[in-house]
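# Survey of secondary and tertiary structure
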Amino acid sequence: MVKAKVEPGVCGFTADIEAEIRDYQFVTIKVNSACENIVKIAGLLKEFDAYNEIRDGFNGEFYKIIRENLKGCCCGCAVP
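Residues numbered from 1 in each chain as written. Predicted model: local features only at pLDDT ≥ 70, side-chain atom pairs only at ≥ 80, totals over all residues. Heavy atoms only, no water.

### Overview of the nonpolar core
By size, the foremost hydrophobic cluster in this structure holds 17 residues, and its most contacted members are Ile-29, Val-31, Ile-41 and Leu-45. Broken down by secondary-structure element, the contributors of at least two residues to this core are strand S2 (15-22), strand S3 (26-33), helix H1 (36-44) and helix H3 (61-69). (Core = buried A, V, L, I, M, F, W, Y, C linked by side-chain atoms within 4.5 Å. Buried < 20%, exposed > 50% of the residue type's maximum accessible area, 1.4 Å probe, protein only. Helix = DSSP H or I, 4+ residues; strand = E, 2+ residues; numbered from the N terminus.)

### Here's the deal with the side chain of Glu-53
Note that Glu-53 resides in helix H2 (residues 50-56). This buried residue, Glu-53, is left without a salt bridge; Arg-55 holds the nearest opposite charge, at 7.6 Å. (Lys, Arg positive; Asp, Glu negative; His and termini not counted. Salt bridge = Lys/Arg side-chain N within 4 Å of Asp/Glu carboxyl O.)

### A few points about the sheet that holds strand S4 (residues 47-49)
Spatial ordering of the open sheet is given by S1-S2-S3-S4, a layout of four strands whose pairing is antiparallel. In this open sheet, the two strands that pair with only one neighbour each are strand S1 (2-6) and S4. Between one strand axis and the next, the sheet turns through 25 degrees on average, direction left out of account. Of the strand pairs in this sheet, S2 and S3 are connected by eight bridges, and their pairing is antiparallel. The residue bridging Ala-19 from the neighbouring strand is Ile-29, located in S3. (Pairing = 2+ DSSP bridges. Axes fitted to C-alpha atoms, helices over the stretch in contact; angles between N-to-C directions.)

### Regarding the pairing of S2
Two strands pair when backbone bridges link them, and S1 and S2 are joined in this way by five bridges, in the antiparallel orientation. Looking at the pairing, Lys-3 lines up with Glu-18 of S2. Connecting the antiparallel pair S2 and S3 is a turn made up of three residues, with Asp-23 showing a positive phi of about 60 degrees.

### Some words on the side chain of Ser-33
Secondary-structure assignment places Ser-33 in strand S3. Polar side-chain contacts of Ser-33 include one of 2.8 Å to the backbone oxygen of Thr-14. Once you skip the residues sitting within four places of it in the chain, Ser-33 turns out to touch Phe-13, Thr-14, Ala-15, Ile-38 and Val-39. (Polar contact = N/O pair within 3.5 Å; in protein donor to acceptor, adjacent residues only side chain to side chain. Contact = heavy atoms within 4.5 Å.)

### Details of unusual backbone geometry
Despite not being glycine, Asp-23 has its phi angle at roughly 60 degrees, a positive value. Tracing the backbone through its elements, the reader meets Asp-23 in the loop between S2 and S3. Its relative accessible area of 56% is what places Asp-23 among the exposed residues. Look at Tyr-24: it is not a glycine, yet its phi comes out positive at around 60 degrees.

What follows is the structure, given as structure tokens:
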């Protein structure tokens, strides 16, 4: 398990993140933050296939969810 505290932008909201990997491929993340947008995105990204994300880059599911749901924020808010 990996833990991180992220201070993403000018808003002052921090995020505590825990990530675990299963079978050296599937990543599960948990995010705790006072920011509703970060919590929403993290809820949509509960588990993802790391190999697919590496292969697809900015066209992967991870960034697709961020692009579709992160509105009215700066790019630093893409915390997960």
